[in-house]
Amino acid sequence: MYKSDTICAVATGLGKSAIGIIRVSGPEAISICDGIFVGKKSISEMETFTAAFGRIMDGDTVVDEAIVLVMKGKHTYTTEDTVEIDLHGGSYVVRRVLELLINKGVRLAEPGEFTKRAFLGGRIDMTEAEAVMDVINAETERSLGTSMKQLSGKLREEVVSLREKILYNTAYIESALDDPENYSLDGFGEKLRADIDEVLMRINKLLSTSEEGRVIREGIKTAIVGRPNVGKSSMLNYLLGENRAIVTEVEGTTRDTLEEYADIGGILLKLIDTAGIRDTSDVVEKIGVDKAKETIEDADLVLLLLDGSQEMRDEDRDILNSLEGRKVIALINKIDINIEGTEVSENKELEKELSGKGIDHILYTSAKTGQGVEELKDLVKEMFLNQELDYNDQIFITRSRHKSCLIRAKDSLDKVMEGIDAGVGEDFLTIDLMDAYEALGEIIGEALEDDLANKIFEEFCMGK
Ligand code: GDP
């Protein structure tokens, strides 16, 4: 059984802040906090999930006024007795109260230790524990959203459902081998193939969201489109604040699509710079053009760039026509260019034609001077808040450990498929099926135990 000492940690940042919160968790949390807190009641007399006002005392000295929140074990995050101390003072006071606690025998928690306790206490499973770590480390609100989704158990739900399917088939085979009179394996190969095919598809889908070595932070898929030379790469760079895309004056040099992420006030845009869309006979460029069209179909948002210093061309119109039904923001770019000494601060002709095509969001920008970029950011934020824009609702694999488990499961299931094709005996198939089951189980921190498997087997088949 898991036994623990009492730990504490600062829940708020240690920098400048109006309040500081210290959390204490463990068997002695309540008694130790009682030793430094003076309120109307002692903490041990307080009801669980109630708060009280009082003072933190160092002997006779008042350290700070505080509100304590008492949460008694089992239903707390760590499943242990937990006391939260909300202090008014800044970092100096927080440090002093930490010192007081440490002097009374509380240990400073290691990073992630509260979450580790939640896991060990059975409060959350491995995917959820890891997602919590991601929440703590989340850099943007969006990646927070992804972590939240795993936290609410979406990944686990999917893994559990995949495992059930595998287990059911394994159990059926085992039953048929044990009890051939009641369970027939005639034609079972085809049913198994269909099931495993589906499981493989779903595993592939999960895998497609993963990427080695870094946390995937999927944002609003934003395609940047426009004919060559209107300033797509420049705009991308401006939004990124760094020079990553190749900017060039030769038309058609952005051959492929390029993906980058930009954080716009906590909203994450996955920016996809498409090759200049136009009819082309250049084979290499054509690949890029096709991909751009695909990207548009897949995008949550399209940034259509036009050259504000020029008139609308047929190439622009072709692109415009391909955007029907998409969320579009049109950017009339290069407004810094002077034509005959006058600044192109507007181009009514372009604007009119865009409006005529049902484009409501039109902004004037310059990827060179940055004019209009703030307005663009504000507009994106506004559209997001109005729910005109949304993230797609997918589960994301954010851990390389999950990925390697999924790959192992996939390899085992591939072997099952090969086995079916080669007509090997069902009893051999169960070995690979169970390997896949086990690999998936590791994602949610459940290794295969013989008796557990047996129990489920009984429930599945023999029980009927
Ligand atoms: P893309 O082919 O659409 O990706 O266009 P690029 O970003 O490669 O830009 C083509 C040319 O236009 C480059 O010489 C850029 O420096 C220039 N350019 C892009 N945006 C602006 C702008 O807002 N103002 C001015 N003056 N030049 C721009």
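The structure displayed is predicted, hence computed values, not measured ones.

**A word on the overall build of the protein chain**
When you go through the protein chain residue by residue, the secondary structure sums to 15 helices and 15 strands. Of the contacts made within the protein chain by residues no fewer than 6 positions apart, 66% connect residues no fewer than 24 positions apart. Element-wise, carbon and sulfur atoms account for 48% of the exposed surface of the protein chain, whose accessible area totals about 23,600 Å².

**Looking at the site of the ligand**
Lining the immediate environment of the ligand, one finds 18 residues, of which Asn229, Lys232, Ser234, Asp336 and Ala367 sit closest. Between Val230 and the ligand, the recorded distance is 3.3 Å, taken from a backbone N or O atom to an oxygen atom. Lys368 is positioned such that a nitrogen or oxygen atom in its backbone is 3.4 Å from an oxygen atom of the ligand. Here the ligand loses 86% of its free accessible area of 570 Å² to cover by the protein chains. Broken down by element, the residue count for the shell around the ligand peaks at three residues, all from helix H8 (residues 232-240). Here the residues of the shell around the ligand sort into five nonpolar, seven polar and six charged.

**Structural notes on the packing of aromatic side chains**
Within a pair of aromatic rings, the relevant descriptors are the distance that separates the centres and the angle that separates the planes. This structure, assessed with the given rule, holds two aromatic pairs. Here the aromatic rings of Tyr172 and Tyr183 are separated by 5.7 Å at their centres, their planes lie at 90°, and the arrangement is edge-to-face. Linking Tyr172 in helix H6 (residues 154-178) with Tyr183 in the loop between H6 and helix H7 (188-208), this pair joins segments that are eleven residues apart in sequence. There is no split in this pair, since Tyr172 and Tyr183 are both buried. Taken together, a centroid distance of 5.1 Å and an interplanar angle of 15° make the contact between Tyr172 and Phe188 stacked.

**Some words on the confidence of the model for the protein chain**
Summary statistics for the protein chain give a mean pLDDT of 78 and a share of 72% for residues scoring 70 or more. Throughout residues 211-217 the model reports pLDDT below 50, and contacts reaching past four residues in sequence, or to other chains, amount to 17 contacts. For residues 243-256, every residue scores under 50 in pLDDT, and the model assigns this stretch 34 contacts once sequence neighbours within four places are set aside.

**Thoughts on the environment of Ile407**
The topology assignment puts Ile407 in helix H13 (residues 400-422). Ile407 gets classed as partly exposed once you look at its relative accessible area, which sits at 34%. On a C-alpha basis, the gap between Ile407 and Ala439 in space is 8.6 Å, while along the polypeptide they are 32 residues apart.

**Describing the pairing of strand E8 (residues 220-225)**
Taken residue by residue, a regular strand's side chains alternate between the two faces of the sheet. Most of E8 sits out of view: six of its six residues are buried. Side chains Ile220, Thr222 and Ile224 of E8 all project onto a buried face; the interleaved residues Lys221, Ala223 and Val225 project onto the opposite face, where all are buried too. Bridge analysis of E8 against strand E11 (residues 301-307) gives four bridges, and the strand direction is parallel. Paired with Ala223 across the bridge in E11 is Val302.

**Comments concerning the pattern of salt bridges**
In this structure the tally under the stated criterion is 16 salt bridges. Of the charged contacts in the structure, one is a salt bridge between Glu442 and Arg408, with a shortest N-O distance of 3.1 Å. Pair noted here: Glu442 is in helix H14 (residues 426-443) and Arg408 is in helix H13, with a separation of 34 residues, a long-range link. The class for Glu442 is partly exposed, based on a relative accessible area of 29%. The class for Arg408 is partly exposed, based on a relative accessible area of 38%.

**Section: the nonpolar core**
Where a protein is soluble and globular, its nonpolar side chains tend to be buried together. By size, the foremost hydrophobic cluster in this structure holds 33 residues, and its most contacted members are Leu192, Ile203, Leu413 and Leu440. Broken down by secondary-structure element, the contributors of at least two residues to this core are H6, H7, H13 and H14. In this view, Leu413 contacts Ile166, Ile196, Val199, Leu200, Ile203, Leu433 and Ala436; residues no more than four positions away in its chain are not counted. Grouped together as the second largest cluster of nonpolar side chains are 26 residues, Val24, Ala66, Leu87 and Val93 included.

**Some thoughts on the pairing of strand E2 (residues 20-25)**
With five of six residues buried, E2 lies mostly within the body of the structure. Where strand E1 (residues 7-10) and E2 come together, four bridges link them in antiparallel fashion. If you follow Ala9 over to E2, its bridge partner there is Arg23. Sheet analysis places E2 next to strand E6 (residues 82-87), joined by six bridges and oriented antiparallel. The residue bridging Gly20 from the neighbouring strand is Leu87, located in E6.

**A few points about the sheet that holds strand E7 (residues 107-108)**
With mixed pairing, seven strands are arranged side by side in an open sheet as E3-E4-E5-E6-E2-E1-E7. One side of each edge strand has no neighbouring strand; the edge strands of this open sheet are strand E3 (37-39) and E7. Summarising the sheet, strand E5 (residues 61-71) and E6 pair through six bridges and their orientation is antiparallel. Bridge pairing links Val68 to Ile85 in E6. Those strands touched by helix H3 (residues 113-120) are E1, E2 and E7, and its axis lies near 135° from that of E1.

**Here's the deal with unusual backbone geometry**
If you check the backbone angles, Phe49 has positive phi at about 60° while not being a glycine. When you line up the elements, Phe49 lands in the loop between E3 and strand E4 (50-58). Phi at Lys334 is positive, roughly 65°, even though this residue is not glycine. Looking at where Lys334 falls in the secondary structure, it is placed in the loop between strand E12 (328-333) and strand E13 (338-339).

Definitions and cut-offs
- Residues numbered from 1 in each chain as written.
- Predicted model: local features only at pLDDT ≥ 70, side-chain atom pairs only at ≥ 80, totals over all residues.
- Heavy atoms only, no water.
- Helix = DSSP H or I, 4+ residues; strand = E, 2+ residues; numbered from the N terminus.
- Contact = heavy atoms within 4.5 Å.
- Areas by Shrake-Rupley, 256 points an atom, 1.4 Å probe, with all protein chains shown as cover.
- Near = heavy atom within 4 Å.
- Polar contact = N/O pair within 3.5 Å; in protein donor to acceptor, adjacent residues only side chain to side chain.
- Nonpolar A, V, L, I, M, F, W, Y, C, P; charged D, E, K, R; others polar.
- Phe/Tyr/Trp six-rings, centres within 6.5 Å; stacked < 30°, edge-to-face > 60°.
- Buried < 20%, exposed > 50% of the residue type's maximum accessible area, 1.4 Å probe, protein only.
- pLDDT = per-residue confidence, 0-100.
- Pairing = 2+ DSSP bridges.
- Salt bridge = Lys/Arg side-chain N within 4 Å of Asp/Glu carboxyl O.
- Core = buried A, V, L, I, M, F, W, Y, C linked by side-chain atoms within 4.5 Å.
- Axes fitted to C-alpha atoms, helices over the stretch in contact; angles between N-to-C directions.

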